[in-house]
2 protein chains.
Amino acid sequence: MAENTQNPDKASENIVYIGKKPTMNYVLAVVTQFNNGMNEVILKARGNAISKAVDVKEIVTNKFMPDLKLKNISTSSEELTNEDGTRSKVSAIQILLCK
Amino acid sequence: MAENTQNPDKASENIVYIGKKPTMNYVLAVVTQFNNGMNEVILKARGNAISKAVDVKEIVTNKFMPDLKLKNISTSSEELTNEDGTRSKVSAIQILLCK
């Protein structure tokens with residue numbers, strides 16, 4: 001599961017961070033997590049990747065694992081430091097799927 | 001994907017469709033709805049606009065109306081007919097805010 005490398009310090013195994021890779025990479029990551037015995041998987045995304053996170057959730061639950069339940073969706077704001085030192089806020093989403 | 005014209009038949013007044021306009025336009029639309037006496041406002045978005053819908057929700061609740069409550073977030077898949085007649089699925093989000 002290569003996705004988890006973004007946040008090595010809080011690398012909970014059942015979190016899939018949605019980034020710039022193709023959507024199906026993340027779909028596969030989620031399905032793999034459940035097939036490896038996880039009962040819950042959390043999708044996390046920020047900024048423009050939020051749309052992709054919803055795509056992943058829809059594809060996983062509609063095409064691959066129709067028995068999954070959506071336990072919770074929450075949103076938040078996170079503050080990022082840009083390369084030039086300025087700070088900006090970015091929205092984030094957390095989607096909790098469970099068996 | 002044109003935005004506001006999608007559902008002319010169920011054009012409930014308290015629905016704000018998020019499209020390609022600047023984020024603050026939609027923030028203003030939501031705040032105006034509540035100031036006009038609405039107790040609930042629904043944000044709806046499809047595809048890439050989903051990220052913007054979350055931005056709108058975060059800006060409204062963090063900056064303008066901190067007393068608002070998030071009542072529900074749900075996602076779905078909708079099928080669109082493209083200009084060339086093919087059909088494709090697109091994810092959608094509905095965010096229900098209430099006073």
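Remember, it's a predicted structure, so these values are computed and weren't measured experimentally. (Residues numbered from 1 in each chain as written. Chains lettered and ligands numbered in written order. Predicted model: local features only at pLDDT ≥ 70, side-chain atom pairs only at ≥ 80, totals over all residues. Heavy atoms only, no water.)

**Some points on the overall build of chain A**
The following threshold applies: Secondary structure elements are taken from DSSP: a helix is a run of H or I of four residues or more, a strand is a run of E of two residues or more, and numbering for both begins at the N terminus. Buried means the residue's accessible area, taken with a 1.4 Å probe over protein chains only, is under 20% of the maximum for its type, while exposed means over 50%, and partly exposed covers the values in between. The contact definition used throughout considers only heavy atoms, calling two residues in contact when any of these lie within 4.5 Å. All accessibility values rest on the Shrake-Rupley procedure with a 1.4 Å probe; residue burial counts only the protein chains present in the view.
When helices and strands are tallied, chain A shows 2 helices and 4 strands. Ordering the α and β elements of chain A from the N terminus gives β-α-β-α-β-β. Looking at chain A as a whole, 43% of its 99 residues qualify as buried. Long-range pairs, those at least 24 residues apart, make up 60% of the contacts in chain A with a sequence separation of at least 6. Carbon and sulfur atoms form 49% of the exposed surface of chain A, whose accessible area is close to 5,500 Å².

**Describing the interface of chain B and chain A**
Put simply, the rule reads: Buried area: the accessible area, evaluated with a 1.4 Å probe, that two parts lose upon being put together, summed over both parts. Salt bridges are identified by distance alone: a Lys or Arg side-chain nitrogen within 4 Å of an Asp or Glu carboxyl oxygen. We call two N or O atoms a polar contact when they sit within 3.5 Å, provided that within protein one can donate a hydrogen and the other can accept it, with sequence-adjacent residues counted only if both atoms are side-chain atoms. Residues are sorted three ways: Asp, Glu, Lys and Arg are charged, Ala, Val, Leu, Ile, Met, Phe, Trp, Tyr, Cys and Pro are nonpolar, and all the rest, Gly among them, are polar.
Contact residues are listed per partner, giving 17 residues for chain B and 17 residues for chain A. For chain B, the biggest contributors to the area lost against chain A are Ser51(B), Ile73(B) and Thr75(B); these three give 36% of the whole. Across the chain B-chain A interface, the total number found is 0 salt bridges. Remark: the boundary between chain B and chain A carries 17 residue pairs in polar contact (both at pLDDT 80 or more). When contributions to the side of chain B that touches chain A are tallied by element, the ones reaching two or more residues are helix H2 (49-64), strand S3 (69-81) and strand S4 (87-98) of chain B. Considering each element in turn, the side of chain B that touches chain A owes the most residues, 8 residues, to H2(B). Its residues assigned to classes, the side of chain B that touches chain A comprises 6 nonpolar, 8 polar and 3 charged.

**Re the nonpolar core**
Within soluble globular proteins, side chains that are nonpolar tend to cluster in buried spots. We apply this condition: The term nonpolar core refers to a set of buried residues drawn from Ala, Val, Leu, Ile, Met, Phe, Trp, Tyr and Cys, joined through side-chain atoms within 4.5 Å.
If you look at the biggest cluster of nonpolar residues, it comprises 45 residues, and the most contacted ones within it are Ile18(A), Val30(A), Ile93(A), Ile18(B), Val30(B) and Ile93(B). Looking at this core, the elements with two or more residues in it are helix H1 (23-35), strand S2 (40-46), helix H2 (49-64) and strand S4 (87-98) of chain A together with helix H1 (23-35), strand S2 (40-46), H2 and S4 of chain B.

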